Structures are given as C-alpha cells and as structure tokens.
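The primary structure of each chain is shown beneath.
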Amino acid sequence: MDLGQLRYFTKIVEHRSFTKAAHDCSVSQPALSQQISKLEKELGQPLFERQGRSIRLTPAGQLLHLQADKILQLADDAKKQITDDGETGRICLSAIPTVAPYLLPIILKSAGALFPKANFVISEDTTDDLLKRCSNGDVDVGIVALPAAAKYLTIEPLFEEELLLALSPENSLCKKKTLVSSDLQEEPFILLRDTHCLVDTIESFCNSKNFQPLTASRIEQLTTIQLLISLDHGISFIPQMASAIDLNGKIVYRSIAEDPPTRTIAICFNPYRYQSKLLGKFISAVTELCSGNFSPRQQIFSRIDSAEATVKGVHQRPKTAPKVK
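Attention in this report is confined to the structure presented alongside it.

The rules behind each value
- Residues numbered from 1 in each chain as written.
- Predicted model: local features only at pLDDT ≥ 70, side-chain atom pairs only at ≥ 80, totals over all residues.
- Heavy atoms only, no water.
- Core = buried A, V, L, I, M, F, W, Y, C linked by side-chain atoms within 4.5 Å.
- Buried < 20%, exposed > 50% of the residue type's maximum accessible area, 1.4 Å probe, protein only.
- Contact = heavy atoms within 4.5 Å.
- Pairing = 2+ DSSP bridges.
- Helix = DSSP H or I, 4+ residues; strand = E, 2+ residues; numbered from the N terminus.
- Salt bridge = Lys/Arg side-chain N within 4 Å of Asp/Glu carboxyl O.

Counting 73 residues, the largest nonpolar core has Leu103, Ile143, Leu184, Phe237 and Phe282 as the members making the most contacts within it. Not counting the four nearest positions on each side in its chain, Leu184 is found in contact with Leu165, Leu173, Phe189, Phe211, Ile235, Phe237 and Ile256. Counting 19 residues, the second-largest nonpolar core is a separate cluster that includes Ile12, Ala22, Ile55 and Ala60.

Glancing now at the pairing of strand S1 (residues 48–51). Bridge count between S1 and strand S2 (residues 54–57): 4 bridges; the pairing is antiparallel. Residue pairing for S2: Gln51 is matched across the bridge by Ser54. Between S1 and S2, which pair antiparallel in sequence order, lie 2 residues; one of them, Gly52, sits at a positive phi of approximately 65°.

Moving on, we come to the pattern of salt bridges. Within the structure shown, the criterion is met by 12 salt bridges. With a shortest N-O distance of 2.7 Å, Arg133 and Asp125 are connected by a salt bridge. Between Glu220 and Arg193 there is a salt bridge whose closest N-O contact spans 3.1 Å. Of this pair, Glu220 sits in the loop between strand S8 (214–219) and helix H8 (222–230) while Arg193 sits in the loop between strand S7 (188–192) and helix H7 (197–208), and the two are 27 residues apart along the sequence. In this structure, a network of salt bridges that share partners links the residues Lys11, Glu14, Asp24 and Asp138.

Rendered as structure tokens:
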C-alpha cells in the first residue's frame, strides 16, 4: 500500500464517484481504478460495492477510511516539518466567488513580494465547500464572508464592507437624492443562486426592513448581474469591492441612507493541522494587509489607474527612436 493509493481511495470516498475522483486527482479513470484494484488485491478484500453508477464502502473499506485520513495527514505534516524553512513551500488559498476576483489579486500581489519563493495554489469555492476543504486540509487558508462556522476552524474577521445598491441610470430611483429601503420594495431584484452566502445577507437586510425582495432572476456570477443591471433588467446589492470593476460603465452605485447593508470578510484556517512557518507568516501578512481602513475598492481603482497610465505612456512614445546627433 502506498500514499498515492490512499489518496485515490479517500477522493473516491469524498466524491462517491470514480470519475469525479479521477478528475480531482488529475488522472484518467482507468489509471485510478487500476490502483484501487491493486490496493484491494494487496488487502485481500474489496473496498467498494459497485451497484450501477452508485458505490458504497464495504466493511473493509470503512475500516481503511478510518485510518487513511490520519495516515495522509501524518505524512503531509512530516514532510512540511522536515522542509519548513519559512520561505519555500506551497500554500493553498481559496475564496468564495463574490470575493475571489477582487480581493485575491490584491493579496497575491502583496504575498508575491513578501514570499517570492512560495508557490500559491488558488481556487474558488462556495462557503460550505470551502469550510469543508479547509477542515480536511485540502485548503490551507480560506477567505469567506460571515456568518460562517465549522468545527476545528479558526475564523477571524478581516474587514467590513458596504453593499451598494446597483441600478441602471434609466431607473427612476436615480433621480432621488436620498434612497431608503422602502424605495426598493416594488423593484425587481437580480440575485445570485442560493448557494452563494451573499444572497442570505441581502435577504436578511430586506427582511429586517419588513419586505421580501422581488426576485426577477437567479444568476451564477456577479458580473452577469452587473451586465443585466446596466440593461435596466433590475436592481441588486453589490459588494463595494465588486463595484470597482464595472464592465461597461453603465451602472449607478448608491448607498442606502439608513443602516446600509454590510458584510464582514473573514479569514479561516485549521489550527489543529501542522502550520508551517511560511503559512503562519502568510496568515499574519493577510491580517495586517486588511487592517485599519483597508479598502479593496480603492486598491482596485489604484491598480486600474496605474495600468491606464502605463498604457497611455506606451501609446505616447515615439514610433521610431530619436536620431543621435
């Protein structure tokens, strides 16, 4: 029995599928099945009962599963401790989809300068999946929005940001100098699907103001919501960091006058797993980066202005080199 076989085995258990496990492990399904067959032959017993497309663990598989995660964790921790120099190593960083496109580039730019020898593996996950992956060690650090809770995880707030009302310039609400929650009760909302925690935040705010948002559409990505709003298809609350990236400049972002909706962005990690020197430094660096009056929106604007200035400078350069006198 080798560690590779155990990793394949645990992935099959996690996904309840050979096909999904093979995809997750970046191997072909026949190769994965061959390794599991070798493992079963070595142990002298089948590990899975295959019934059509569904699979389940045999008694032997259940016993192995109880020990496999512990064995893999011990092996991973031993390797990290032996090679831990505080500078090199891999950090698996994940964030929820309504944070990842806006905050991760800022974190990675800062981390790249502080830890040039580190290797960062990036992913996006919904809150539930991210917390699960962080608990079992597939993710070292997660960026989520509160409320979020999971066993064995430390979850610490980083910063708070306002949710801005996004609407088309053609919407009659744009004519009002001050917007209050009661102005929104008859407006069609464009919301993300229920798997996104941002939906809960928006609905909780509306419910606290004694109305239920009239949902016109359920969308998978914030950028699609912004596009539909620009076409005057409805309104929505957009995280302040996302308002900095407006694809066509045809959206008006406004604050609600009384008690505007907000969300708190937090960092999570598993303190019960071995924490390398590099990982500890990285968590401290992210916490420090997001302290004080940190604003992802302002950071994004700064990056955009810098990029535009660079492009403008390139366009203004002479097409031919000046003659030397």
